[in-house]
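Structural description and commentary
What follows is each chain in one-letter form.
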Amino acid sequence: MSAARDCWILGNFKQNLGCAAVAEHLQALSAASQELRQRLENLHIGIAPTSLALDRAAARRSQCEGSPKNPVRLLAQNVAAQEEGAFTGEIGAGMLREIGCDLAIIGHSERRKYYGEQDALLAQKVAVCAKAQLGVVLCVGESLQERDEGRHAQVVIQQLTAGLAQFPSESSTPLLVAYEPVWAIGTGRSASVQQAQEMHALIREELGRLQGERGHGRSILYGGSVKAGNAAQLVRAADIDGFLVGGASLDPTSFHAIAQVASEHLSS
Ligand code: PGA
């Protein structure tokens, strides 16, 4: 990664860890990461727990040790596509912002696959987040079949352009992109550094085309079977600016080890 861009290490807990476990995790992570975060202002660490835990986690993190300038970021795993109204079961971007949530993950492959979320809906979610100033982590990534057929670049660029179709270019809402090849998620089979770098460079070029210099400078994270063991190699690639971590984020020690690896690279 380039030191000019921010590095983000984000943990996606998915449907794991209840409120008490999230509180313990946050406590352990905050203590372990205090030094990293104080020393490296452009390293951001965040967790996406169950939505039920966000309110308490937001209150708790203000009591945790750590630099107030750079606290653990809180992410929602999902957000409604509408601002508010009669949409049973949904949680609005403004509501998330109100409790102190910083960002929302949009377009994770599990949402696309199990809940049929498609690009048009995802673009709406991105738009409501931009309006509410809730940061966005837009996930893109091809399936194994799409890669085998040589369509990975085309699929990812389509997901990116469609997902950002309603994100105003002048918006100051934070926007990150996570490249997560579906075949690497939860499989133990990470993309190679070369495969990931190639896709990240492509995404960066497209972000530049869509949003100019600002787009070109956005942080692009890799996700898919990231562990402390493969993080060092990946984060050395020119266009990889951090990670979206699933399984390995559930244990604060292994999650912190990934942040540690990234920080070593950043400070070298
Ligand atoms: P994984 O998940 O690290 O368990 O592969 C990544 C993700 O789903 O974001």
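Parameters at a glance
- The numbers attached to residues start from 1 for each chain and follow its sequence in the written order.
- Per-residue local features are limited, in this predicted model, to residues with pLDDT of at least 70; the limit for side-chain atom pairs, both in listing and counting, is 80 or more; totals at the level of whole chains, interfaces and linings are taken over all residues.
- Each side-chain value is derived from all of the structure's non-hydrogen atoms; neither hydrogens nor water enter the calculation.
- Under this scheme, a helix contributes an axis fitted over its contacting stretch, all axes are lines through C-alpha atoms, and angles between N-to-C directions fall in the 0 to 180 degree range.
- The helix and strand labels rest on DSSP assignments: H or I over at least four residues marks a helix, E over at least two residues marks a strand, and numbering proceeds from the N terminus.
- Should an angle fall under 35 degrees it is called roughly parallel, over 145 degrees roughly antiparallel, and 65 to 115 degrees roughly perpendicular, with every other angle called oblique.
- Here is the rule for handedness: rotate from the far helix to the near one, and if that takes an anticlockwise turn smaller than a right angle the crossing is left-handed, while a clockwise turn gives right-handed.
- The contact definition used throughout considers only heavy atoms, calling two residues in contact when any of these lie within 4.5 Å.
- Charged residues are taken to be Asp, Glu, Lys and Arg, nonpolar residues to be Ala, Val, Leu, Ile, Met, Phe, Trp, Tyr, Cys and Pro, and polar residues to be all remaining types, Gly included.
- Points on a 1 Å grid, built from protein atoms alone, make a cavity when a 1.4 Å probe fits but cannot get out and make a pocket when they are open with protein on both sides within 12 Å along at least 5 of 7 lines; residues with an atom within 4 Å of a point are the lining residues.
- Grid points are joined across faces, edges and corners, and a volume is the space filled by probe spheres set on the points.
- Exposure classes here rest on a 1.4 Å probe applied to the protein chains alone. A residue is buried below 20% of its type maximum, exposed above 50%, and partly exposed in between.
- Here, a salt bridge means any side-chain nitrogen of Lys or Arg that lies within 4 Å of a carboxyl oxygen of Asp or Glu.

For the rest of this paragraph, the subject is the packing of helix H9 (residues 228–235) against helix H10 (residues 252–267). Helices that pack against each other are described as a pair by the angle of their axes relative to one another and the distance between those axes. Where H9 contacts H10, the axes come no closer than 9 Å and their chain directions differ by 25°. One finds that H9 runs roughly parallel with respect to H10. Regarding H9 and H10, the two cross each other, and that crossing is right-handed. Where H9 abuts H10, its residues Ala-228, Ala-231, Ala-232 and Val-235 lie against Ala-257, Ile-258, Val-261, Ala-262 and His-265. Along the lines of polarity and charge, the residues of the contact of H9 with H10 split into eight nonpolar, one polar and no charged.

Turning our eyes to something else, we now look at empty space enclosed by the protein. Taken as a whole, this structure holds one cavity of 30 Å³ or more when the rule is applied. Roughly 40 Å³ of internal volume is contained in the largest cavity. Where the lining of the largest cavity is concerned, the elements lending two or more residues are helix H1 (19–39) and helix H2 (54–61). Split by residue class, the lining of the largest cavity holds five nonpolar, no polar and two charged.

The next thing to look at is unusual backbone geometry. For Lys-14, which is not glycine, the phi torsion reads 55° and is therefore positive. Relative to the elements of secondary structure, Lys-14 occurs in the loop between strand E1 (7–12) and H1. With a phi close to 55°, Ser-225 is a non-glycine residue in the positive phi region. Here Ser-225 shows up in the loop between strand E7 (220–223) and H9. Judged by its relative accessible area of 11%, Ser-225 falls in the buried class.

Moving on, we come to the pattern of salt bridges. Inspection of the entire model under this criterion finds 13 salt bridges. The shortest N-O distance in the salt bridge between Arg-61 and Asp-102 comes to 2.9 Å. Placement of Arg-61 in helix H2 and of Asp-102 in the loop between helix H3 (93–98) and strand E4 (103–106) is noted, with a sequence separation of 41 residues between them. On the basis of relative accessible area, Asp-102 is assigned to the buried category, the value being 19%. For the salt bridge of Arg-151 with Glu-149, the shortest nitrogen-to-oxygen distance reads 3.0 Å. Classification of Glu-149 by relative accessible area gives partly exposed; the value is 44%. Taken together, the salt bridges that share partners define one network made up of Arg-5, Arg-204, Asp-239 and Asp-241.

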